[in-house]
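As a plain string of letters, each chain reads:
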Amino acid sequence: MGWLRHQRYLLDFIIASLLRRKGKNLGLLLVYSLIVFMLASVMLFTHALKREMGQVLQASPEIILQRIEAGRHALIPADYLRKIGRLRGVTARKGRLWGYFYDPAVRANYTLMVAPERRLADSEVIIGSAIARTRGIGPGDYLTFRAHDGEAYSFRVRELLASDTELFSADLVLMSERAFRVSQGVAEGWYTDIVLSVSNPLELAKIAEKLTLRLPDTRPILREEILRTYDSIFSWRQGILFVLLLGAILAFVIFAWDKASGLSAEERREIGILKAVGWETGDVLRMKFWEGAILSLMAFLLGYLLAYLHVFHASASLFEPVLKGWAVLYPAFRLTPVIDGLQVATLFFFSVFPYVVATIIPIWQVSVTDPDAVMR
Amino acid sequence: MRIVLENVHKVFNQGRPNAHEAIRGVSLSIEPNRVTCLKGASGSGKSTLLSMIGCLSRPTAGRIHLGERLLSGLPERFLTDIRRHTFGFIFQQFNLISGLSVLENIMLPAYPLAPDHRQLTATASALLDRFGLAHKARNPVQWLSGGEAQRVAICRALINDPRILIADEPTANLDTRLSRDFMEQIRRLRESGRTVLITSHDPVVFDSPVVERVIELCDGQVVGG
Ligand SMILES: Nc1ncnc2c1ncn2[C@@H]1O[C@H](COP(=O)(O)OP(=O)(O)O)[C@@H](O)[C@H]1O
Ligand SMILES: [Mg+2]
């Protein structure tokens with residue numbers, strides 16, 4: 001009971017003292033929250049993105065077979081599907097048609113793709129919502145291309161791709177096989193690549209080896225490798241963001257350190273007064289601890305909450321300039337909110353803990369000295 | 001409680017080239033329920049002596065008894081405990097914490113004792129009433145005049161109902177009229193059965209009829225009283 005009351009009195013005093021330096025403490029809270037916000041945004045964003053990507057790739061074929069000509073990806077003849085021959089473990093195989101199209105009107109690359117399962121008429125397309133946004137078109141409107149031979153082709157937009165897959169479909173244009181071949185100049189009997197489905201992942205390496213033996217001018221790409229590549233691309237981008245943040249963090253550390261080492265004369269005097277009127281060293285320490293803890297906890301909660309809203313409700317729009325590099329049409333995606341406990345703990349540890357420690361160290365030095373300083 | 005000093009010494013910066021012996025062998029006995037004044041020129045060691053008696057610092061050598069207890073040699077925790085139960089302090093610069101209200105300032109010394117909040121507020125309000133400050137309770141202390149700040153400092157010194165009141169040059173920042181008022185308040189405190197210990201080189205204080213005993217200090221030694 002007495003202990004509780006004691007803490008309440010301390011808290012009363014702390015709140016009163018936080019309030020009487022309103023400007024300074026608000027500024028501190030702001031800077032602090034901002035840094036937590038940036039860090040948390042990067043963490044939440046990359047984490048969610050990686051997860052999303054993993055899920056999408058999980059649904060993609062196990063092996064992609066590309067033909068290589070002069071060390072570059074080239075079209076693959078349809079009869080390679082037959083030439084592959086019988087391969088134990090391969091459950092399905094099919095040729096794919098896809099490519100890129102540069103649209104000078106919006107100065108962006110689209111990804112063109114043939115989607116037989118959509119049963120598109122030759123004059124119809126389905127487009128990703130980023131294209132719809134940048135071109136300002138919707139279902140029923142027409143999208144016009146200049147084809148490889150200089151002819152202009154108009155396609156009616158049948159529908160937009162569902163936006164929950166937008167991360168990967170933002171720049172996608174789906175069309176029929178005939179429309180693709182005619183507009184892109186890919187002759188019958190050729191595909192962009194071949195995909196193979198394999199049910200047992202243990203057989204992948206064996207199958208890949210056989211493929212290179214039977215079709216020496218091809219290169220099999222395993223899904224595993226794609227996952228790894230994406231992973232490293234994202235780690236790399238995350239790295240850039242972290243370097244940028246490092247500057248901010250450094251500023252904060254200096255700031256905290258300054259606060260730590262430079263107890264103002266005013267604060268020193270107050271601690272002296274408190275000790276003289278009967279506060280114990282422990283009381284002063286607890287008071288300063290709570291002061292730092294309250295401030296940093298508030299900053300942490302505020303920063304994290306803002307980061308959550310930023311990443312999951314505002315499409316991480318502040319990161320656009322950095323992350324956009326991998327697709328000119330920046331997707332307005334909705335990431336599935338995921339919060340990783342370990343990540344929260346890490347962030348908490350690196351933001352709240354150092355600040356609280358930094359505020360306590362110098363005060364300890366002051367509070368163990370004799371309180372008779374107030375007599376002078 | 002009688003305060004007894006036996007051959008007390010205080011050396012600042014001991015062992016260093018700038019070592020300075022501020023108190024050189026003071027032996028004294030201060031009677032309870034009296035108003036005693038430590039008189040002396042600036043730098044004579046009044047504040048130093050007072051802070052040792054008030055458990056704010058320790059003597060370098062010698063003993064200080066407070067009633068039955070021997071103060072010198074007690075660990076910090078006990079000194080703090082004695083300080084907040086036994087002594088009330090009025091400092092020369094008032095030493096109020098600016099930004100906090102008058103009421104909050106007065107209640108500060110009670111926080112570590114964690115009394116019932118309503119009771120504490122009542123005690124503080126009663127004190128403010130007694131010193132004619134009730135209407136200022138919610139004001140921040142930096143708005144107060146010198147005389148008001150002095151009275152708030154007295155209220156703060158009394159909040160834990162201490163037996164002994166210690167005032168270091170309490171009138172240094174007051175004009176003559178306010179100094180006389182202050183001595184009048186001291187008289188009333190004395191009547192309520194407290195021991196009062198004042199340092200001063202102000203004649204309004206040491207020539208006041210309220211003061212029952214004057215001890216004169218010079219260069220860290222007792223020269224009279
Ligand atoms: N912390 C300290 N360090 C060094 N010298 C001190 C310290 N405190 C006081 N002194 C010296 O001790 C002497 C007595 O000081 P003090 O007790 O404050 O005198 P008074 O209160 O009578 O004016 C002075 O010469 C002062 O300079
Ligand atoms: Mg003095």
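So, here's what we can say about the structure. Quantities reported herein were computed from a predicted structural model and do not represent experimental measurements.

What counts, and where the lines are drawn
Residues numbered from 1 in each chain as written. Chains lettered and ligands numbered in written order. Predicted model: local features only at pLDDT ≥ 70, side-chain atom pairs only at ≥ 80, totals over all residues. Heavy atoms only, no water. Helix = DSSP H or I, 4+ residues; strand = E, 2+ residues; numbered from the N terminus. Rg over C-alpha atoms; globule rule 2.2 N^0.38 Å. Buried < 20%, exposed > 50% of the residue type's maximum accessible area, 1.4 Å probe, protein only. Contact = heavy atoms within 4.5 Å. Areas by Shrake-Rupley, 256 points an atom, 1.4 Å probe, with all protein chains shown as cover. Lys, Arg positive; Asp, Glu negative; His and termini not counted. Charge placed at Lys NZ, Arg CZ, Asp CG, Glu CD. Buried area = accessible area lost by both parts, 1.4 Å probe. Salt bridge = Lys/Arg side-chain N within 4 Å of Asp/Glu carboxyl O. Polar contact = N/O pair within 3.5 Å; in protein donor to acceptor, adjacent residues only side chain to side chain. Pairing = 2+ DSSP bridges. Near = heavy atom within 4 Å. Axes fitted to C-alpha atoms, helices over the stretch in contact; angles between N-to-C directions. Expected span 1.5 Å × (residues − 1). Parallel < 35°, antiparallel > 145°, perpendicular 65-115°, else oblique. Left-handed = near helix turned anticlockwise from the far one by under 90°. Nonpolar A, V, L, I, M, F, W, Y, C, P; charged D, E, K, R; others polar.

**A closer look at the overall build of chain B**
A count of helical and extended segments in chain B gives 7 helices and 10 strands. Taken over the C-alpha trace, chain B has a radius of gyration of 17 Å; the compact-globule value for 225 residues is 17 Å, and the two agree within 12%. With the C-alpha coordinates aligned to their principal axes, the bounding extent of chain B is approximately 50 × 40 × 35 Å. Per-residue burial over chain B gives 54% buried out of 225 residues. Look at the contacts in chain B between residues 6 or more apart in sequence, and 70% of them connect residues 24 or more apart. Looking at chain B as shown, the accessible area adds up to about 9500 Å², and 46% of this sits on carbon and sulfur atoms. Counting 27 positive and 22 negative side-chain charges, chain B places the averaged centre of each group 3 Å from the other.

**Structural notes on the overall build of chain A**
Helices and strands together make up the secondary structure of chain A, namely 12 helices and 13 strands. Within chain A, the proportion of its 376 residues that are buried is 47%. Long-range pairs, those at least 24 residues apart, make up 78% of the contacts in chain A between residues at least 6 apart in sequence. For chain A, the accessible area works out to roughly 19200 Å², and carbon and sulfur atoms hold 63% of it.

**Focus on the interface of chain B and chain A**
Listed as interface residues are 31 residues of chain B and, on the opposing side, 28 residues of chain A. Here chain B packs against chain A, burying approximately 2800 Å² in sum over the two surfaces, 57% of which is carbon and sulfur. Its largest share of buried area at the contact with chain A, chain B owes to B:L56, B:I97 and B:Y111, together 20% of the area lost on that side. At the boundary of chain B with chain A, the tally comes to 4 salt bridges. As a salt-bridge pair, B:R84 and A:E280 come within 3.1 Å of each other at their nearest N and O atoms. Our enumeration of links across chain B and chain A arrives at 14 residue pairs in polar contact (both at pLDDT 80 or more). The set of elements that each furnish at least two residues to the side of chain B that touches chain A consists of helix 1 (46-53), helix 2 (76-86) and helix 4 (117-130) of chain B. With 5 residues, the single largest contributor to the side of chain B that touches chain A is helix 2 of chain B.

**With respect to the pairing of strand 4 (residues 61-66) of chain B**
All names here are of chain B. Looking at chain direction, strand 1 (residues 3-12) and strand 4 are connected through 5 bridges and run antiparallel. Along strand 4, the bridge assignment pairs E6 with R63. One ladder, built from 2 bridges, connects strand 4 with strand 5 (residues 69-70); its direction is antiparallel. Opposite L66, over in strand 5, you have R69 as the bridge partner. Hairpin connection, strand 4 to strand 5: the antiparallel pair is bridged by 2 residues, and G67 has positive phi, about 60°.

**Some points on the site of ligand 1**
Residue and element names in this part refer to chain B. The immediate surroundings of ligand 1 are formed by 13 residues, with G43, G45, K46, S47 and T48 found nearest. At 3.3 Å, a side-chain N or O of H20 approaches an oxygen atom of ligand 1. The contact in question runs from an oxygen atom of ligand 1 to an N or O atom on the side chain of S47, over 2.7 Å. In isolation ligand 1 has 560 Å² of accessible area, and contact with the protein removes 71% of it.

**As for the sheet that holds strand 8 (residues 195-200) of chain B**
Residues and elements named next belong to chain B. Read across the sheet, 6 strands follow the order 6-7-8-3-9-10 without closing on themselves; strand pairing throughout is mixed. This sheet does not close on itself; its edge strands, each paired only once, are strand 6 (87-90) and strand 10 (221-224). On average, adjacent strands in this sheet sit at an angle of 25° to one another, irrespective of strand direction. As judged from the 4 bridges shared by strand 3 (residues 35-39) and strand 9 (residues 213-218), these two strands associate in the parallel manner. Counterpart to K39 in the pairing with strand 9 is E216.

**With respect to helix 6 (residues 176-191) of chain B**
All names here are of chain B. If you check helix 6, its first and last C-alpha atoms are 23 Å apart, about what 16 residues at 1.5 Å a residue would give, namely 22 Å. Near the N-terminus of helix 6, the side chain that reaches the backbone nitrogen of R177, with its oxygen 3.2 Å away, is that of D175. G193 occupies a position one or two residues after helix 6 and carries a positive phi of about 90°.

**Considering the packing of helix 9 (residues 265-276) of chain A against helix 10 (residues 281-313) of chain A**
All names here are of chain A. It is at 9 Å that the axes of helix 9 and helix 10 come closest, and there the two elements cross at 135°. When the interaxial angle is binned, helix 9 and helix 10 end up oblique. The element helix 9 and its partner helix 10 pack so that their crossing is right-handed. Listed contacts from helix 10 to E267, I271, L274 and K275 of helix 9 are T281, V284, M287 and K288. Residue composition of the contact of helix 9 with helix 10, grouped by class: 4 nonpolar, 1 polar and 3 charged.

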